[in-house]
Amino acid sequence: MQHPSQLDTAVRYLEALGGAVIATDPLGRIIYWNPGAERQFGWVQAEVMGHSILEVTPSFVSADRGAELFDRLRRGESWTGDFECQRRDGTRFVARVTDSPVFDDAGELVAVVGFSVDLSAEQDTLRTLAGAAQALAASPEFDAALHNLARWAVTTLADACATYALDGGSQLRAVGVAHSDPKMQPLAEGLFTARGWWCIEPSSETLLEGGEPVLVEELGMDDIVEASESSTRLLLEALRPRSAMFLPLHDRGETLGVLVLVTTERSGRRYTEADLALAREVADRAAQTLHNAKLYHQANEAISARNEMVAVVSHDLRSPLHTILTSCELLDMASAPPRASIGVAAIRRAAQRIDRLVRDLLDLERIDSGMLSLRCTPVDPRALLLEATALFATIAAERDVELDLVGDENPETVGADHDRLLQVFSNLLDNAIKFTPPGGRVTVNVRGTPEAVSIAIVDQGPGIAPEALPHLFERFWHGDAQASASGLGLTIANAIVRAHEGTLEVQSMPGRGSTFEVTLFRTGCCAEAEQRPTA
C-alpha cells in the first residue's frame, strides 16, 4: 500500500468480510477497532484506542518471532499466521491473523491493518460434525442410525431431540427420542411419539413439501399448550420447550425423515441462525448416511432372498441328481452295450458337475449366513495330503501329469476340520491338474514349524496375469485364472481357510505356473483340538 488514504480503503474492504479489523500506527498503538474486534476480544473501542496492541490483545509468540514479523511489514510484506490470543476475560483462543503495511508517499510505514478470524468457532463446528459422523457411523442400519443421532444431539445441539423416518411416502414414524436429562426421558418419549404434539408451525406436511429447514426462535408456550390436544398438554407443560429447529433429512431427491431439535426453558438456550446453519450441516450428513443405510438394507434383503432361493433350489435338485447317479450305477451293472455305456458315462459326468455346483451353492449360502461350522480334530497334514493326492491320482495319470507329494515326512498335527480341508485341497489339486499341460508336474509341498503348517501346491500351468490376481477369490469370477467350473471353488476354499484363521495366498507369473499356499496356524480357532490325541 502506497498512500495513507488506502488505509480507509483497506478497512472498508476488510469490514465486508465480517471479522475483527484492527489498525495500529508504526509503534503498535491502536488507531482503529471495529465491532468485530469488540466481539472477538471483548474490549469496546473507547477502551482500547491509543493503547498498545500487545497489551490489549496479547499473543503468545516469542519476542524474536514478533521482531521478525515487524521487519517483514517494514519491507512491505503482508503475512498470515495462526496465533494463540487472549480475550478481555482471560480466555484464550486461536486466531488466524493477516497483517498488511500502509506506506505514505515518501515510503514511510504509517500504519498496519490487521484482519483476525476466531478459529475456535470453526474448530467447534468441526468437532460437532465429527461427533455427528461418529454417532451415525456406529451402525449401518437405518433405524439404529436415527436412534444414535438423537442420543448424540442432546449432548451438543439440543435439550431434547426426536428423529422421524418417512414411511409410505408421507407418514412420519418416531424412531429416536432423547432428552439431556434422563429423568425427563419418559416425558420426551411420551410427547414426541404422541400424534397430537406437532401443533406448531411448520406442519409436518409443509416441512416435507418445502424441503427447507425451519427455525422457530420462540415457540410461545401459552399458545402451544392451548392449541394442543388434551393428551399432550401435560407433557408440554412439563417439558416447556422454548426454541426449536425442524430439519428434513433430504438426499438425492428423496426425503428420508425429519430431525427435530428443541431447547427448553430450563436451559434458557434459544436457537439462532448460526445454530440453524450448523444443524443444517448435521442434517445433510445424516441424510447421506441414511441413504446409504437404506441401500444397505435393500442389498441385505436382496441377498437374503437370493440365498433363500439358492438353498431351496439346491436342496430340491439333490434328490433327482442322486436318482440319476444311482440309475447310472444300475445301468453299468446291467452290462449295457458299449454305445449305451458311452451315453451313461456322459450322463454321469453331467450329473456329477451339477451335483458339485449344488454343493458349492449350498456352501456359499452357509458362508454368507455365517453358518459354516468346523468340526475340529487333530489332523495329520501329510496323511490328509496323501488322501487328497490319492483321489486325483487317476485323473492326473489320464492327463499325463505327474503328481508328487514332497516336504516334511512327519509334520506335527494341527487342529482343523479334516473334511473341510480335504475339500480345499481337492479344489486346488483339481485346478492345478486341469491347467498343467500333458507331461507337466504338480508338486504338493508340506512344511511344519512350531508356529504353523504350510502346504504349497505348485503347478506348471500358463500362470495368472497380474491384473487378475486381486479378483482370484471373487465369486463367479473366471477370467483366465484357475477357477472351478462354477466360479465358486476358490471363493469357498478361501472362506474355509479363513474360518480356520489361516491364509490362502497365491503367487503366479504368466508362463511360469502358479503356487497356491495354505497356512494353518497352531494358535488358530482349532488350537484346542490340536492338543487332543489322535484316534
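Here is a short report on the structure shown in this document. Since the model is a prediction, treat every value here as computed from it, not as a measurement.

1. A look at the nonpolar core
Right, so step 1: Formed by 40 residues in total, the largest nonpolar core has its most connected members in Phe425, Leu428, Ile457, Phe516 and Val518.
Right, so step 2: Put simply, the parts of the chain that give this core at least two residues each are α14 (381–391), β13 (414–416), α16 (418–435), β14 (441–448), β15 (452–458), α17 (489–499), β16 (503–508) and β17 (514–521).
Right, so step 3: Here this core takes 8 residues from α16, the largest share from any one element.
Right, so step 4: Counting 35 residues, the second largest nonpolar core, distinct from the first, contains Ala150, Leu215, Ala279 and Ala283.

2. Comments concerning α14
Right, so step 1: Of the positions making up α14, those classed as buried are Pro381, Arg382, Leu384, Leu385, Ala388 and Thr389. Taken around the axis of α14, the buried residues stretch over an arc of 155°, which confines them to a single face. Exposed residues pointing more than 90 degrees away from the buried face of α14 are listed as Ala390 and Leu391.
Right, so step 2: The backbone nitrogen of Arg382 has a side-chain oxygen 3.1 Å away, supplied by the residue at the start of α14, namely Asp380.

3. A few points about the pattern of salt bridges
Between side chains of opposite charge, pairing is possible as soon as their charged atoms come close.
Right, so step 1: Within this structure, the stated rule accounts for 23 salt bridges.
Right, so step 2: Here Arg92 ties to Glu84 by a salt bridge, and the two come within 3.8 Å at their closest N and O atoms.
Right, so step 3: Judged by its relative accessible area of 48%, Arg92 is partly exposed.
Right, so step 4: Of the residues examined, Glu84 reaches a relative accessible area of 36% and is grouped as partly exposed.
Right, so step 5: One connected set of salt bridges, linked through shared partners, spans Glu217, Glu218, Arg242 and Arg270.

4. Some thoughts on the sheet that holds β17
Right, so step 1: The strand order across the open sheet formed by 5 strands is β12-β14-β15-β17-β16, and the pairing between neighbours is mixed. At either end of the open sheet lies a strand with only one pairing partner, and these are β12 (402–407) and β16. Within this sheet the neighbouring strands show an average axis-to-axis angle of 15°, counted without direction.
Right, so step 2: Relative to β14, β12 runs parallel, the two sharing 6 bridges. Directly across from Leu403, in β14, lies its bridge partner Val442.
Right, so step 3: Lying over the sheet, α14 contacts β12, β14 and β15, oriented at roughly 180° with respect to β12.
Right, so step 4: With respect to the sheet, α17 is in contact with β16 and β17, its orientation differing from that of β16 by roughly 135°.

So, how was this worked out
Residues numbered from 1 in each chain as written. Predicted model: local features only at pLDDT ≥ 70, side-chain atom pairs only at ≥ 80, totals over all residues. Heavy atoms only, no water. Core = buried A, V, L, I, M, F, W, Y, C linked by side-chain atoms within 4.5 Å. Buried < 20%, exposed > 50% of the residue type's maximum accessible area, 1.4 Å probe, protein only. Helix = DSSP H or I, 4+ residues; strand = E, 2+ residues; numbered from the N terminus. Arc of directions from axis to C-beta. Polar contact = N/O pair within 3.5 Å; in protein donor to acceptor, adjacent residues only side chain to side chain. Salt bridge = Lys/Arg side-chain N within 4 Å of Asp/Glu carboxyl O. Pairing = 2+ DSSP bridges. Axes fitted to C-alpha atoms, helices over the stretch in contact; angles between N-to-C directions. Contact = heavy atoms within 4.5 Å.

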